[in-house]
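# Observations on the model geometry
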Amino acid sequence: MTVTYYPAAPTHVPEDLILDFDFFDMPADVSDPVQIWHGLIQKGAPPIFYTPRNGGHWVFLRYADIAEAYRNHEIFSTHKAQIPPLEPYPVLQPNGVDPPQHDVFRKLLAPMFTPLAVRRMTDGLQSRAERLISGFAGNGGCDFVHDYAAKFPTGTFLELFGLPEERLPEFLRISDTFFRSTDPDVRAANLLEIYEVLEELFREKERNPGTDIASTVVQSRDADGNPFPWTDIINCGFLLFVAGLDTVTNTMTYVWRYLATSADARQKFRDRLDDPSAFLLAIEELMRINAVSNIYRRVTHDCEFKGVQFRRNDRVVLPNTVANRDPRTFSDPQTIDLDRKVNNHVTFGLGPHRCIGSHLAKREIMISLQEWLRQIPEFELDPDQDAESVFGGPVMGFTSLKLRW
Amino acid sequence: MRVVANLAQCQGHARCEDLCPEVFSTDAIEGKVVIEQPEFPPELEEKVRLAVRNCPEGALRIAKGAVA
Ligand code: HEM
Ligand code: SF4
């Protein structure tokens, strides 16, 4: 999507910190969306710079600054941080509120996403992976995005929310429109549809609660024993929908795209099929290299940060892919080292908003890859792939990835 | 040797648990670190040090000597 809105940079931004950079826009020669970010480093962009595109926003390019922004909610708020600025925009629970209010929904969700809780989901994830992969393993090829990477997390979402598997096509359609459509009318209708679905879901779980996440959220009570505001409940469901589908889909797509081109990496993962902790360690490195999220913050008050003047309501983008390859933090950062010893990547963020679904996401990817390698040990990119499949924005990725074997 | 955690800093990445489950686990409520074996044996030192260096929040620290 090319955004035509292009105001002049505000007066508090010095000329030498302004660059023309549109992170939604993918130039025709870009085959991997992270290229546009790493291109900035090659061009010698200032570590903190401003672009007038997409309503105007700052970009941080150093690991240390990005980490500090994640941790400093007094300056860098998640509340109303949309880029381009959108009003009204729902306050997603708990991501759209800062500590201490953030604690309320964060603590409510936390027990359902701990490593312990995720271990209990293993069997469900395993059988979903087996079913999906065996459905096309005999076909000699697939479109990985369409046939696997979109279906797996969406199916998982249905299961966690206590919804029947039959609704998968409906949810795939809704989420595809939500994440990929650029038509304002289609988007508006889609948003209404999502809210209707969530409304109906939570009402049903209120009447007939189960042990699923939606039931737990709707039955929760605040410190005084009262139910939470209905909009907060809906917007918590909405966040889980927004946060846990496209991120997993595109991370998986990145991982499989890399493995399709590296016989050595496939071999290393196959060698670790019987050693889950070594397998997970190697996954961690693929998480570092394939950081799909660019995170937004809003500056809460006029202030100086790292010698740069910020004004209240300035927007900031934190590109995790750039932090994860900062040579000040990582040795040999552009090399994919599946045995990397120290790996403090920020793919799942840092600080209070650290991805609550990170353990689930890693488990989804790990189980999928283990099962895939058992059924399809060797695979490669299909030369029929059309080139037009990349997109940028808050979550970067591919609309299609054709593989063959 | 002892390892200590700053729970205010811990955000539950569970990297410590992944790297050295003998010493670290995470709780069932918030998913924050639980130190199962604060005074760990010397044969685990390398693993514990690795876990400490891999805590993205810098919430873990090795303290010399026994319980203060
Ligand atoms: C590889 C896949 C994923 C990536 C790369 C990812 C990335 C992130 C990042 C960077 C944040 C921090 C946002 C911020 O600081 O504002 C975040 C937050 C969040 N993620 Fe994920 N995520 C993934 C998968 C998931 C899954 C599977 C779920 C749940 C089902 C999930 C649920 C959430 C929630 C609820 C938050 C907000 C937490 C808060 O504000 O306290 N994510 N995610
Ligand atoms: S790695 Fe650090 S932040 Fe994560 S659980 Fe362990 S102590 Fe906490």
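Scroll up to find the structure this text is about.
Just so we're clear, the structure is a prediction, and the values are computed from it rather than from any experiment. All residue numbers refer to positions counted from 1 along the written sequence of the respective chain. Chain A is the first chain written and ligand 1 is the first ligand written, with later ones labelled in order. Given that this is a predicted model, residues contribute local features only at a pLDDT of at least 70 and side-chain atom pairs are listed and counted only at 80 or more, while totals for whole chains, interfaces and linings are drawn from all residues. To obtain the side-chain values, all non-hydrogen atoms of the structure were used and water was disregarded.

### Things to note about the overall build of chain B
We count it as follows: Helix and strand assignments follow DSSP, with helices taken as H or I runs no shorter than four residues and strands as E runs no shorter than two, numbered in order from the N terminus. Three exposure classes are used, based on accessible area relative to the maximum for each residue type with a 1.4 Å probe and protein chains only: buried under 20%, partly exposed in between, and exposed over 50%. Note on contacts: a residue pair is in contact if any heavy atoms of the two residues lie within 4.5 Å. A 1.4 Å probe and the Shrake-Rupley method give the accessible areas. Residues count as covered only by the protein chains that appear here. Under the counting rule used here, the positive set is Lys and Arg, the negative set is Asp and Glu, and His together with the chain ends is not counted. Taken as the charge centre is NZ of Lys, CZ of Arg, CG of Asp or CD of Glu, depending on the residue.
Counting secondary structure elements, chain B contains two helices and four strands. Overall, the C-alpha framework of chain B stretches about 30 × 25 × 20 Å when taken along its three principal axes. Here chain B holds 68 residues, and 46% of them are scored as buried. In chain B, 60% of the contacts between residues at least 6 apart in sequence involve partners at least 24 apart. Summed over all atoms, the accessible surface of chain B reaches about 3400 Å², with 54% contributed by carbon and sulfur. The average position of the 8 basic charges and that of the 11 acidic charges among the side chains of chain B differ by 8 Å.

### A short note on the interface of chain B and chain A
Note the threshold: A simple way to read buried area is as the amount of 1.4 Å-probe accessible surface that goes missing from two parts once joined, with both sides added. A carboxyl oxygen of Asp or Glu within 4 Å of a side-chain nitrogen of Lys or Arg is what we treat as a salt bridge. Polar contact is the term for a pair of N or O atoms within 3.5 Å; when the atoms are in protein, one must be able to donate a hydrogen and the other to accept it, and sequence-neighboring residues count only if both atoms are side-chain atoms.
Taken together, the contacts link 20 residues of chain B with 23 residues of chain A. Note on chain B versus chain A: buried area summed over both sides is about 1700 Å², and carbon and sulfur give 50% of it. Interface area lost by chain B to chain A is led by Gln11, His13 and Arg15 of chain B, which between them contribute 26%. There are three salt bridges connecting chain B and chain A. For Arg15 of chain B, the salt bridge goes to Glu284 of chain A, with nearest N and O atoms at 3.4 Å. If you look at where chain B meets chain A, you find 12 residue pairs in polar contact (both at pLDDT 80 or more).

### As for the side chain of Asp143 of chain A
All names here are of chain A. Along the chain, Asp143 falls in strand E4 (residues 141-143). Put simply, Asp143 is tucked away with no salt bridge, and the nearest opposite charge, on Lys402, sits 5.6 Å away. At 3.1 Å, the side chain of Asp143 and the backbone nitrogen of Val145 are in polar contact. Setting aside anything within four residues of it in sequence, one finds Asp143 in contact with Tyr148, Ser400, Leu401 and Lys402.

### Here's the deal with the coordination of the iron atom of ligand 1
Counted only if it meets this: Each metal site lists N, O and S donors within 2.8 Å (3.2 Å for Na, K and Ca). With water left out of the atoms, a site can look as if it is missing ligands.
Counting protein donors to the iron atom of ligand 1 gives just one, Cys355 of chain A (SG), placed at 2.3 Å. Structurally, the position occupied by Cys355 of chain A is in the loop between helix H15 (320-323) and helix H16 (358-375).

### Concerning helix H9 (residues 184-207) of chain A
Residue and element names in this part refer to chain A. Where we set the bar: In this scheme, a helix's expected span is set at 1.5 Å multiplied by one less than its residue total.
The terminal C-alpha atoms of H9, which comprises 24 residues, lie 35 Å apart, in line with the 34 Å expected from a rise of 1.5 Å per residue. Buried within H9 are the following residues: Asn190, Ile194, Val197, Leu198, Leu201, Phe202 and Lys205. Near the N-terminus of H9, the side chain that reaches the backbone nitrogen of Asp185, with its oxygen 2.8 Å away, is that of Asp183.

### A few points about the packing of aromatic side chains
All names here are of chain A. Rule in force here: Stacked, edge-to-face and tilted labels apply to pairs of Phe, Tyr and Trp rings (six-membered ring for Trp) whose centres lie within 6.5 Å, assigned for plane angles under 30 degrees, over 60, and everything in between, in that order. Counted as over-ring charges are cases with an Arg CZ or a Lys NZ within 6 Å of the ring centre that also lie within 35 degrees of the ring normal.
Evaluated as defined, the whole model comprises 38 aromatic pairs over all chains. In this arrangement the basic side chain of Arg203 is found over the ring face of Trp230, its NZ or CZ atom lying 3.8 Å from the centre. The side chain of Arg288 reaches across the aromatic face of Phe330, ending 5.3 Å from its centre.

### Thoughts on the nonpolar core
Soluble globular proteins tend to pack their nonpolar side chains together in the buried interior. This is how it is decided: What makes a nonpolar core is a set of buried Ala, Val, Leu, Ile, Met, Phe, Trp, Tyr and Cys residues whose side-chain atoms join them at distances within 4.5 Å.
With 81 residues, the main nonpolar core has Phe144, Phe161, Val217, Trp256, Phe269 and Trp372 of chain A as its most contacted residues. Those residues in contact with Phe144 of chain A, other than ones at most four positions away along the chain, are Ala149, Met252, Thr253, Trp256, Trp372, Leu401 and Leu403 of chain A.

### As for the site of ligand 2
The criterion, for reference: Any residue with a heavy atom lying within 4 Å of a molecule or strand is counted as near it. For this scheme, ten residues count as nonpolar: Ala, Val, Leu, Ile, Met, Phe, Trp, Tyr, Cys and Pro. Four count as charged, namely Asp, Glu, Lys and Arg, and the remainder, Gly too, count as polar.
Around ligand 2 sit Cys10, Gln11, Gly12, His13, Ala14, Arg15, Cys16, Val33, Cys55, Glu57 and Leu60 of chain B, and those are all the residues in its vicinity. Grouping the amino acids of the shell around ligand 2 by side-chain chemistry returns six nonpolar, three polar and two charged.

### Some thoughts on the environment of Gly225 of chain A
Within the secondary structure, Gly225 of chain A is located in the loop between helix H10 (213-219) and helix H11 (230-244). For the pair Gly225 of chain A and Thr51 of chain A, spaced 174 residues apart in sequence, the C-alpha separation works out to 47 Å.

### Let's talk about the sheet that holds strand E1 (residues 48-51) of chain A
All names here are of chain A. Quick note on the threshold: When DSSP finds two or more bridges between two strands, those strands count as paired. Lines fitted to the C-alpha atoms define the axes, with helices restricted to the stretch that makes contact. Angles between their N-to-C directions range from 0 to 180 degrees.
Spatially, E1-E2-E8-E5-E3 is the arrangement adopted by the five strands of the open sheet, whose pairing is mixed. The open sheet is flanked by E1 and strand E3 (76-77), the only strands paired with a single partner. The sheet contact formed by strand E5 (residues 294-299) and strand E8 (residues 315-319) spans five bridges and is antiparallel. In the strand pairing of E8, Asn294 is matched with Pro319. The sheet strands contacting helix H2 (residues 63-71) are E1, strand E2 (57-60), E3, E5 and E8, and the helix crosses E8 at an angle near 120°.

### With respect to the site of ligand 1
Residues and elements named next belong to chain A. Around ligand 1 sit 29 residues in total, of which His102, Arg106, Arg297, His353 and Cys355 are the nearest. The contact in question runs from an oxygen atom of ligand 1 to an N or O atom on the side chain of Arg106, over 2.8 Å. Per element, the largest residue contribution to the shell around ligand 1 is four residues, and it comes from H11. Looking at the shell around ligand 1 residue by residue, the class counts come to 14 nonpolar, 12 polar and three charged.

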